[in-house]
Amino acid sequence: MKVIQLFLISLLFVACNVSPQPINYGSDACHYCDMTIVDRQHASQMVTAKGKVYKYDAIECMVHSLQDEFKDTEMAHKIVANLNSPGEFIDSSNASYLVSENLQSPMGANLSAFANTEEAQKAKEKFTGKIYSWDDIQKHLKLK
């Protein structure tokens, strides 16, 4: 009987996990556009306050999903891939974003994220473009 109780308690804790999950590159699909997620430099992810995880192949997909399907949903995590460290994720609110035609992203918005403004500025010097904050990139990608 105690084994069953421990199992049920363990299951409860696992079910209440409110944290990002690893992306299975090459097999997980983007929640917004349904493309297979393969690019470690542009992927992103959101986790609701209730623990539901949504994975994206591009930051612009996550932004559009926030503006549409999840505009009234509380999110516990919104993370984006750091272009300079593929596969490493950073909080979307703290990242700096570069939109550059010379640095393509999977869905064509030419949007990349960086851990800080200095990294984004170095990329801008190399690729040209415009730097945005999290709030500004949401306005830039505003759905009509």
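Cut-offs used in this document
- Residues numbered from 1 in each chain as written.
- Predicted model: local features only at pLDDT ≥ 70, side-chain atom pairs only at ≥ 80, totals over all residues.
- Heavy atoms only, no water.
- Helix = DSSP H or I, 4+ residues; strand = E, 2+ residues; numbered from the N terminus.
- Buried < 20%, exposed > 50% of the residue type's maximum accessible area, 1.4 Å probe, protein only.
- Polar contact = N/O pair within 3.5 Å; in protein donor to acceptor, adjacent residues only side chain to side chain.
- Contact = heavy atoms within 4.5 Å.
- Salt bridge = Lys/Arg side-chain N within 4 Å of Asp/Glu carboxyl O.
- pLDDT = per-residue confidence, 0-100.
- Core = buried A, V, L, I, M, F, W, Y, C linked by side-chain atoms within 4.5 Å.

A. Summary view of the side chain of Ser44. Take Ser44: it is sitting in strand E1 (residues 44-48). With relative accessibility at 0%, the residue Ser44 sits in the buried group. A distance of 3.4 Å separates a polar atom in the side chain of Ser44 from the backbone oxygen of Ala58. Here Ser44 is in contact with Ile23, Tyr54, Lys55, Tyr56, Ala58, Ile59, Met62, Ile79, Val80 and Phe89, once residues within four sequence places are set aside.

B. Inspection of the pattern of salt bridges at higher detail. Going through the model one piece at a time under the given rule, you end up with 1 salt bridge. Asp28 is the salt-bridge partner of Lys55, the closest N and O atoms lying 2.9 Å from each other. In this pair, Lys55 is assigned in strand E2 (residues 53-56) and Asp28 in the loop between helix H1 (2-15) and E1, connecting sequence segments 27 residues apart. In this structure, Lys55 and Asp28 share a single accessibility class: buried.

C. Representation of the confidence of the model for the protein chain. Of the residues in the protein chain, 89% have a pLDDT of 70 or more, and the chain-wide mean is 91. Scored below 50 in pLDDT, residues 10-14 shows 0 contacts in the model against residues more than four places distant or in partner chains.

D. Focus on the nonpolar core. In terms of nonpolar packing, the biggest core is built from 27 residues, with Tyr56, Val80, Tyr97, Leu111 and Ile137 touching the most fellow members. When residues of this core are traced back to their parent elements, those giving at least two are E2, helix H2 (59-67), strand E3 (75-82), strand E5 (96-99), strand E6 (111-114) and helix H4 (134-140). Element by element, the count of residues in this core is highest for H2, at 5 residues. Ignoring anything within four residues of it in the chain, the contact list for Tyr56 reads Cys30, His31, Tyr32, Ile37, Ala43, Ser44, Gln45, Met46, Cys61, Met62, Ser65 and Phe70.

E. View of H2. Burial runs high along H2: 9 of the 9 residues are buried. Taken together, the buried positions of H2 are Ile59, Glu60, Cys61, Met62, Val63, His64, Ser65, Leu66 and Gln67. The inward-facing, buried residues of H2 contact E1, E2, E3, E5, E6 and H4.

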